[in-house]
Amino acid sequence: MAPKGKAGTKGKKQIFEENRETLRFYLRIILGASALYAVVNLVIFYPATSAWTWLAFVFSSVVYGTSYRSMNSMAKPSFAEDGSLADGGIDLNMEQGMAEHLKDVILLTAIVQVLSCFSLYVWYFWLLAPGRALYLLWVNILGPWFTADSSPAGQEPNEKKQRRQERRQMKRF
């Protein structure tokens, strides 16, 4: 059963600790996926390594670096002069936040990178990221803007038309 009432808020110390754990978790994912890819494709199958293999590795490293750095800067805490925690940073585990999208990009890249040990064609799945970005852009910004009603929103319906509609409804019942 779901708790009733207002959802509790997190304190700055709790946000600081959770952000640190979240960053540590995603760093492990990044290092594990990169190490596995490097060992399999760049060490074991080195004779079959092509320029595309190296390009995919560099691409994933850039994606990891920018995403992790962005998350790290969002979660950067600030301390008072006496060393106490003044601000825990932005909550990385907040739903519908920018950090959620960055975590999705890291996970998608890690999954694609590990699966690409079997075939480089798996990298086409990475096209899901720009597809999702375009979808969010359309749903949240462009779609409502294009389909917005051009008539003024504050315009009241004509009193005569309103009375006529009321009479029609009364006849139906």
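It should be emphasised that the depicted structure is a prediction, and the values quoted were computed from it without experimental measurement.

Let's shift gears to helix 5 (residues 159-172). Residues lying three or four places apart along an α-helix face the same way, a consequence of the helix completing one turn every 3.6 residues. With 14 residues, helix 5 extends 20 Å between its outermost C-alpha atoms, agreeing within 8% with the 20 Å of an ideal straight helix rising 1.5 Å per residue. In terms of burial, helix 5 is largely open, as just zero of its 14 residues are buried.

This part covers the packing of helix 2 (residues 51-74) against helix 3 (residues 98-115). Where helix 2 meets helix 3, the closest approach of the two axes is 10 Å, and the angle between their N-to-C directions is 155 degrees. In terms of axis orientation, helix 2 runs roughly antiparallel to helix 3. Of the two possible hands of crossing, helix 2 and helix 3 adopt the one that is left-handed. Residues F57, S60, V63, Y64, S67, Y68, S70, M71 and M74 of helix 2 form the contact with helix 3, whose own contacting residues are M98, A99, L102, K103, V105, I106, T109, A110 and Q113.

In this section: a positive patch on the surface. A contiguous patch of positive charge on the surface is contributed by K160, K161, R163, R164, R167, R168, K171 and R172. Among the structural elements, K160 can be located in helix 5.

Here we take up the environment of A56. Tracing the backbone shows A56 in helix 2. For the pair A56 and Y37, spaced 19 residues apart in the sequence, the C-alpha separation amounts to 10.0 Å. Apart from the residues lying within four places of it in its own chain, the contact partners of A56 are Y37 and W123.

With 18 residues, helix 3 ought to run about 26 Å at 1.5 Å a step, and its terminal C-alpha atoms sit 26 Å apart, in line with that. Looking only at helix 3, the buried set comprises A99, L102, K103, I106, L108, T109, A110, V112 and Q113. Tucked inside the fold, the buried residues of helix 3 contact helix 1 (12-44), helix 2 and helix 4 (128-146).

Quantified by volume, the largest pocket comes out at close to 280 Å³. Lining of the largest pocket is provided by M98, H101, L102, D104, V105, L108, L128, A129, R132, A133 and L136. At the level of elements, helix 3 and helix 4 are the ones that each hand at least two residues to the lining of the largest pocket. With six residues, helix 3 is the single largest residue contributor to the lining of the largest pocket. By residue class, the composition of the lining of the largest pocket is eight nonpolar, one polar and two charged. If you trace the second largest pocket, you find it lined by W52, L55, A56, F59, S119, L120, Y121 and W123. By residue class, the composition of the lining of the second largest pocket is seven nonpolar, one polar and no charged.

Each value, and the rule that gives it
In this convention, every chain numbers its residues from 1, walking through the sequence in written order. With the structure being a predicted model, the display of local features is reserved for residues of pLDDT at least 70 and the display and counting of side-chain atom pairs for 80 or more, all residues being used for whole-chain, interface and lining totals. Excluding hydrogens and water, the side-chain values take into account all heavy atoms of the structure. Strands here are runs of E lasting at least two residues and helices are runs of H or I lasting at least four, both read from the DSSP assignment and numbered beginning at the N terminus. In this scheme, a helix's expected span is set at 1.5 Å multiplied by one less than its residue total. Buried residues are those whose accessible area, probed at 1.4 Å on protein chains only, stays under 20% of the maximum for their type, while exposed residues exceed 50% and partly exposed ones sit between those limits. Here an axis means a line fitted to C-alpha atoms, over the contact stretch when the element is a helix, while the angle between two N-to-C directions is reported on a 0 to 180 degree scale. When describing relative orientation, an angle under 35 degrees is termed roughly parallel and one over 145 degrees roughly antiparallel, while 65 to 115 degrees is termed roughly perpendicular and anything else oblique. By the definition used in this description, the sense in which the near helix is turned from the far one sets the handedness, with an anticlockwise turn below a right angle giving left-handed and a clockwise turn giving right-handed. Note on contacts: a residue pair is in contact if any heavy atoms of the two residues lie within 4.5 Å. To count toward a patch, a residue needs a relative accessible area over 30% and no salt bridge; like charges are then connected within 9 Å, while nonpolar side chains (Val, Leu, Ile, Met, Phe, Trp, Tyr) are connected within 5 Å. Areas reported here follow the Shrake-Rupley algorithm with a probe of radius 1.4 Å; residue values treat only the protein chains shown as occluding. Only one rule defines a salt bridge in this text: a Lys or Arg side-chain nitrogen within 4 Å of an Asp or Glu carboxyl oxygen. The charge count includes Lys and Arg as positive and Asp and Glu as negative, but it does not include His or the ends of the chains. Positions of charges follow a simple convention, taking NZ of Lys, CZ of Arg, CG of Asp or CD of Glu. Using a grid of 1 Å spacing that covers the protein atoms alone, one calls a set of points a cavity when a 1.4 Å probe fits there but cannot get out, and a pocket when the set is open and has protein on both sides within 12 Å along at least five of seven lines; lining residues are those with an atom within 4 Å of a point. Grid points are joined across faces, edges and corners, and a volume is the space filled by probe spheres set on the points. Polar here means any residue outside two lists: the nonpolar Ala, Val, Leu, Ile, Met, Phe, Trp, Tyr, Cys and Pro, and the charged Asp, Glu, Lys and Arg; Gly therefore counts as polar.

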